[in-house]
Amino acid sequence: MSDITDTGPVIAADGTPLKRSLARALRRQKIRALMLIAPLLLFVLLTFIMPIGDMLFRSVENNIVMDTLPKTVVALQDWDPDSGEPPSEAVYAALAADLKVAVEAKRHTRLGTRLNYELTGISSLFRKSGRQIKKWDLAQDAPFKAKFIDMNDGWAKIAVWRTIKTYSPKYTNGYFLNSIDMQKGTDGAEARPENQQIYITLFKRTMFMSMVITISCIILAYPVAWILANLPARTSNMLMILVLLPFWTSLLVRTSAWKVMLQQQGVINETLVWLGLVADDARLVMINNQFGTIVAMTHILLPFMILPMYSVMQTIQPTYLRAAKSLGATNWTAFWRVYFPQSIPGIGAGSILVFILSIGYYITPELVGGTKGVFISNRIAFHISSSLNWGLAAALGAILLAVVLVLYWAYDKIVGIDNVKLG
Amino acid sequence: MLGMFTSSDKRRANLPDFTNGETLLADGANSAAFVEFERVQKSYDGENLVVKDLNLSMPKGEFLTMLGPSGSGKTTCLMMLAGFETATHGDIRLGGTSINNIPPHKRGIGMVFQNYALFPHMTIAENLSFPLEVRKIGKSDREKKVMRALDMVEMGAFGGRRPSQLSGGQQQRIALARALVFEPELVLMDEPLGALDKQLREKMQFEITHLSHRLGITVVYVTHDQTEALTMSDRVAVFEDGRIQQLAPPDKLYEEPQNSFVAQFIGENNTLEGTVKEIKGETCLVQLDNGDLIDAKPINVSQAGERTRVSIRPERVEYNKDRMPEGAHTLKAEVMEFIYMGDIFRTRLKVAGKDDFFVKTRNAPDQVRLKPGQQIEIGWLAEDCRALDA
Ligand SMILES: Nc1ncnc2c1ncn2[C@@H]1O[C@H](COP(=O)(O)OP(=O)(O)O)[C@@H](O)[C@H]1O
Ligand SMILES: [Mg+2]
């Protein structure tokens, strides 16, 4: 053979290089495959990726100040909050002009609500001022500084102006600082007063309780999955129905059932009192606290642990145990050195499922958790539906997402994600 | 090359005289017996006996194969010996002591499983080290033994791999090494070569036999492949329906089958059915169903008038008149098909109304090549034609 044919590119029958004709052939296949999944991809994009993106964006978005008070924001640039003096007349004039427009468009209350998250009282300041400013005449009523302060002495407060100045940029880390119990102070970020600190505790509690729930699920699910995997198919299918039964009843019903069981006049307490194990005036408090949340959520999430464990254990052939024993291992050694390591992918998959699900759970903690047993998700739900502080809710959600991703990454590093079998 | 296994030179000397191998050695008093099954029965469901009255005795160093069709109870016997199933009745003894109540991990029996059962989460070296670890053998000793066992199966370079990274044949070798690394005296193998292709299987057959002889270990080997059984074993126990039909060295088994099942199951065999006409000492006269008379050796028949099946090996049938034994009864036959197989000729004949009678002849320069349609006469020595149970 000549050197040229040995080293040069391989040529296809029609004279084009083989690599290129292969790529062309593959491209057509790929496009066809892509078109097949396009509707689904679009659906996922619209319903999943975009809301998450929107949420992440909301957690830092802060256009409202800039949009509502454009002139004021510019004028405030020259003002130094540390001077201890309210801003100059120019700022008040700009504020008057901005508010005039905003009041016309009825946007000033929204801004008030937004700034009220950062400084309580601003909301009413904006609302009350709005009514008066309507009657002002921008051309004649100058100077405005005295007029503003006269109307409401809130406008003389440094804190109000500092808040407006601090939150004037289009993007803010204020929501995130708030999420970790901090706020923007005079010299950057600072801790909130003790009595306002809540989120770190909630995050810690959510992590801790999710961990406890995951561990109790592992402990309860392992033997169940083992039995299911080792029984004859007919019996195990029967028992499988029992495992899946909870899925067929409403989550609310199941959670309420735990209320019936655990409350102080509930089944367990009544039984214990009847048996004389517990005095009538010292009934156990098992609900509206962390214990209640852990019990109910362990029960609710148990199937998510059993199923992946079962599917992994089913693939572990009993001959491995026999082989181990024939090699001299006791029952325990055979289990611990041979069976258990092979079942770890199931434990891993189940743990990831249960942990992530429980981090984001809020119905059950809401119903049986009381104040000591609520999760961060309950707080998120509160900000979404009651306080309407969506930015803060988004920041909390983003942190939760980040925590989950970090844990997932750590899991991959320690156990290896290839070692997870979800089905 | 191997210091770790005590090579037993007395191995052959230990073996009892097998000329009468077909008698089942049920006698517990046999001092040479190492593994013994005595009147063992096994039922899984309380209704059917999977193993019926098993009696077996094997001396140290023997390579015994349990051969039989699928479902005949071979694996069950092996599992009872290994301790994973309990005998419903009877006694199993190892080295003279009953092991019925000894748990599997204390029996010290090496085992090779059909699917190898190599632990997938451990490397090859860890797999081999496992039995040594549970025996609390020190680290340096362990490493030495593992290395020697790997070298023994010529897999020294593969210690760091995972089982999934090995081919079937390599996994088989590792399974063998793992069953041998803790130096058991008895090794059980359940169809260990079943998953390999033909060529590899033949190579491994040779290696396993060779290794077991060199190490002087006692082996109970299970297979449904009769060639494997014949080529590897000192003795073969033919299983059918939970019973040992015959226990004998390979040559005895092939040449002197004790009943129709064994004759049919081992090797190729021609069967003709008929009635015993008369028995004269070492020979008997059998009248086939079409009226023809043949000579046979009475094995399972005791009196005239009994129904019988006579069995003749295809290579013992003669049609070359010059080589026909003198005074032999002959049968008319029609050639149906001549199959050229290179080393041998295989000829299908129609004999006594049946057209599945085969003759095998060696491809020699003077050998006649028959043509379909040809009418010939066939014959054999009376002692090659065995009259068995009907
Ligand atoms: N664990 C078991 N439970 C019930 N029946 C079994 C079990 N193992 C084997 N059998 C039955 O016992 C018979 C013999 O099986 P086995 O010993 O595996 O035969 P072989 O190994 O010769 O193919 C078969 O009919 C099989 O169905
Ligand atoms: Mg079997």
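Residues numbered from 1 in each chain as written. Chains lettered and ligands numbered in written order. Predicted model: local features only at pLDDT ≥ 70, side-chain atom pairs only at ≥ 80, totals over all residues. Heavy atoms only, no water.

**A closer look at the overall build of chain B**
Inference 1: Along chain B, the regular secondary structure elements total 9 helices and 19 strands.
Inference 2: Each of the three principal axes of chain B carries a C-alpha extent, and together these read 75 × 45 × 40 Å.
Inference 3: Evaluated residue by residue, chain B yields a buried proportion of 51% over its 390 residues.
Inference 4: Long-range pairs, those at least 24 residues apart, make up 68% of the contacts in chain B between residues at least 6 apart in sequence.
Inference 5: Surface exposure of chain B reaches about 17,500 Å², of which carbon and sulfur atoms provide 46%. (Helix = DSSP H or I, 4+ residues; strand = E, 2+ residues; numbered from the N terminus. Buried < 20%, exposed > 50% of the residue type's maximum accessible area, 1.4 Å probe, protein only. Contact = heavy atoms within 4.5 Å. Areas by Shrake-Rupley, 256 points an atom, 1.4 Å probe, with all protein chains shown as cover.)

**A word on the domain arrangement of chain A**
Inference 1: Taken domain by domain, chain A consists of domain 1 (65–165) and domain 2 (199–419).
Inference 2: Between the C-alpha centres of domain 1 of chain A and domain 2 of chain A the distance comes to 52 Å. (Domains from an automatic or database assignment.)

**A closer look at the pattern of salt bridges**
Inference 1: Counted by the stated rule, this structure contains 29 salt bridges over all chains.
Inference 2: For Glu85(B), the salt bridge identified is with Arg322(A), shortest N-O distance 3.5 Å. In this pair, Glu85(B) sits in the loop between helix H2 (74–82) and strand E4 (89–94) while Arg322(A) sits in helix H16 (residues 318–326), so the two residues belong to two different chains.
Inference 3: Here Arg322(A) falls in the partly exposed class, since its relative accessible area comes to 25%.
Inference 4: Here Glu62(B) ties to Arg235(B) by a salt bridge, and the two come within 2.5 Å at their closest N and O atoms. Of the two residues, Glu62(B) is situated in the loop between strand E2 (49–59) and strand E3 (63–67) and Arg235(B) in strand E9 (residues 235–240); the sequence distance between them amounts to 173 residues.
Inference 5: Looking at Glu62(B), the relative accessible area reads 0%, which means it is buried.
Inference 6: Owing to a relative accessible area of 0%, Arg235(B) belongs among the buried residues under this scheme.
Inference 7: If you follow the salt bridges from partner to partner, you end up with Glu36(B), Glu38(B), Asp91(B) and Arg93(B) in one network. (Salt bridge = Lys/Arg side-chain N within 4 Å of Asp/Glu carboxyl O.)

**Quick notes on the domain arrangement of chain B**
All names here are of chain B.
Inference 1: Here the domain parsing of chain B yields domain 1 (2–108 + 184–260) and domain 2 (272–388).
Inference 2: Between the C-alpha centres of domain 1 and domain 2 the distance comes to 34 Å.
Inference 3: Taken together, the contact pairs 8 residues of domain 1 with 8 residues of domain 2.
Inference 4: Our enumeration of links across domain 1 and domain 2 arrives at 0 salt bridges.
Inference 5: Element by element, the count of residues in the side of domain 1 that touches domain 2 is highest for helix H8 (residues 250–255), at 3 residues.

**Comments concerning the site of ligand 1**
Residue and element names in this part refer to chain B.
Inference 1: Neighbouring ligand 1 are Tyr44, Val50, Pro69, Ser70, Gly71, Ser72, Gly73, Lys74, Thr75 and Thr76.
Inference 2: Taking Gly73, its main chain carries an N or O atom lying 3.1 Å from an oxygen atom of ligand 1.
Inference 3: Within the contact set of ligand 1, an oxygen atom lies 2.9 Å away from a side-chain nitrogen or oxygen of Lys74.
Inference 4: Coverage of ligand 1 by the protein amounts to 56% of the 560 Å² it exposes when considered alone. (Near = heavy atom within 4 Å. Polar contact = N/O pair within 3.5 Å; in protein donor to acceptor, adjacent residues only side chain to side chain.)

**Examining the nonpolar core**
Inference 1: Judged by nonpolar contacts, the single largest core of 104 residues is most densely connected at Leu81(B), Phe119(B), Phe130(B), Leu186(B), Leu188(B) and Val220(B).
Inference 2: Counting residues per element, this core draws most heavily on helix H15 (residues 290–314) of chain A, at 10 residues.
Inference 3: Dropping the residues within four chain positions of it, Phe130(B) is found in contact with Ala324(A), Leu327(A), Ala329(A), Arg337(A), Val338(A), Phe119(B) and Met122(B). (Core = buried A, V, L, I, M, F, W, Y, C linked by side-chain atoms within 4.5 Å.)

**Describing the layout of surface pockets**
Residues and elements named next belong to chain A.
Inference 1: Considered as a void within the structure, the largest pocket measures approximately 600 Å³ in volume.
Inference 2: What lines the largest pocket is a set of 21 residues, and nearest its centre among them are Ile52, Met55, Gly397, Leu400 and Leu401.
Inference 3: Those elements that provide at least two residues to the lining of the largest pocket are helix H2 (18–58), helix H17 (331–359), helix H19 (376–385) and helix H20 (390–414).
Inference 4: With 7 residues, the top contributor of residues to the lining of the largest pocket is H20.
Inference 5: By residue class, the composition of the lining of the largest pocket is 16 nonpolar, 4 polar and 1 charged.
Inference 6: Quantified by volume, the second largest pocket comes out at close to 510 Å³.
Inference 7: Contributing to the lining of the second largest pocket are 19 residues, with Arg58, Glu61, Ile64, Arg110 and Arg114 lying nearest its centre. (1 Å grid on protein atoms, 1.4 Å probe; cavity = no way out; pocket = protein on both sides within 12 Å on 5 of 7 lines; lining within 4 Å. Points joined across faces, edges and corners; volume = space filled by probe spheres on them. Nonpolar A, V, L, I, M, F, W, Y, C, P; charged D, E, K, R; others polar.)

**Remarks on unusual backbone geometry**
Inference 1: One non-glycine residue, Leu388(A), lies in positive phi territory at about 60 degrees.
Inference 2: According to the relative accessible area criterion, Leu388(A) is exposed, its value standing at 53%.

**Describing the interface of chain B and chain A**
Inference 1: Contacts between chain B and chain A engage 22 residues on the former and 17 residues on the latter.
Inference 2: Buried area between chain B and chain A, summed over both chains or domains, comes out near 1,800 Å², and the portion from carbon and sulfur atoms is 66%.
Inference 3: Looking only at chain B, the three residues that lose the most surface to chain A are Phe84(B), His105(B) and Phe130(B), adding up to 30% of its buried area.
Inference 4: Taken together, the links from chain B to chain A amount to 2 salt bridges.
Inference 5: In this assembly, chain B and chain A are joined by 5 residue pairs in polar contact (both at pLDDT 80 or more).
Inference 6: Counting only elements with at least two residues in the side of chain B that touches chain A, the list comes to strand E6 (109–112) and helix H3 (124–134) of chain B. (Buried area = accessible area lost by both parts, 1.4 Å probe.)

**Examining the confidence of the model for chain B**
Residue and element names in this part refer to chain B.
Inference 1: Averaged over chain B, the pLDDT score is 87; the fraction of residues at 70 or greater is 92%.
Inference 2: Taken together, the stretch residues 1–30 has pLDDT below 50 and engages in 57 contacts with residues farther than four places along the chain or on a different chain.
Inference 3: Of the two predicted TM-score estimates for the complex, the pTM is 0.79 and the ipTM is 0.80. (pLDDT = per-residue confidence, 0-100.)

**Things to note about the packing of helix H12 (residues 233–244) of chain A against H15(A)**
Residue and element names in this part refer to chain A.
Inference 1: H15 packs onto H12 with a crossing angle of 150 degrees between their chain directions and a minimal axis gap of 10 Å. Between H12 and H15, the angle falls in the class roughly antiparallel. Handedness of the crossing formed by H12 with H15: left-handed. Mapping the contact onto sequence places Ser236, Met240, Val243 and Leu244 in H12 and Pro303, Ile306, Leu307 and Tyr310 in H15. (Axes fitted to C-alpha atoms, helices over the stretch in contact; angles between N-to-C directions. Parallel < 35°, antiparallel > 145°, perpendicular 65-115°, else oblique. Left-handed = near helix turned anticlockwise from the far one by under 90°.)

**Observations regarding helix H13 (residues 251–262) of chain A**
Residues and elements named next belong to chain A.
Inference 1: In this model H13 runs 17 Å from its N-terminal to its C-terminal C-alpha over 12 residues, within 8% of the 16 Å that 1.5 Å per residue would give.
Inference 2: Listed as buried for H13 are Arg254, Thr255, Trp258 and Leu262. Down the axis, H13 shows its buried residues gathered within 95 degrees of arc, on one side only.
Inference 3: For H13, the capping residue at the N-terminal end is Ser250, with a side-chain oxygen 3.0 Å from the backbone nitrogen of Leu252. (Expected span 1.5 Å × (residues − 1). Arc of directions from axis to C-beta.)

**Quick word on the packing of aromatic side chains**
Inference 1: As enumerated under the stated definition, the model contains 23 aromatic pairs over all chains in all.
Inference 2: Geometrically, the ring pair formed by Phe247(A) and Phe304(A) is edge-to-face, given 5.2 Å between the ring centres and 75 degrees between the ring planes. Of the two residues, Phe247(A) is situated in the loop between H12 and H13 and Phe304(A) in helix H15; the sequence distance between them amounts to 57 residues.
Inference 3: Taking the relative accessible area as the measure of exposure, Phe247(A) reaches 33% and is therefore partly exposed.
Inference 4: Phe304(A) sits in the partly exposed class, given a relative accessible area of 26%.
Inference 5: Relative to Phe119(B), the ring of Tyr320(A) lies with its centre 6.4 Å away and its plane at 55 degrees, an arrangement referred to as tilted. In this pair, Tyr320(A) sits in helix H16 while Phe119(B) sits in the loop between E6 and H3, so the two residues belong to two different chains. You'll find Tyr320(A) and Phe119(B) in the same group, each marked buried. (Phe/Tyr/Trp six-rings, centres within 6.5 Å; stacked < 30°, edge-to-face > 60°.)

**Details of the sheet that holds E4(B)**
All names here are of chain B.
Inference 1: Spatial ordering of the open sheet is given by E2-E1-E4-E5, a layout of 4 strands whose pairing is antiparallel. Every other strand in the sheet has two partners, leaving E2 and strand E5 (97–98) as the edge strands with one partner each.
Inference 2: Bridge count between strand E1 (residues 33–43) and E4: 5 bridges; the pairing is antiparallel. Bridging across to E4, Phe37 finds its partner in Ile92.
Inference 3: Each of E1, E2 and E4 touches H2; the most contacted strand, E1, lies at about 120 degrees to it. (Pairing = 2+ DSSP bridges.)

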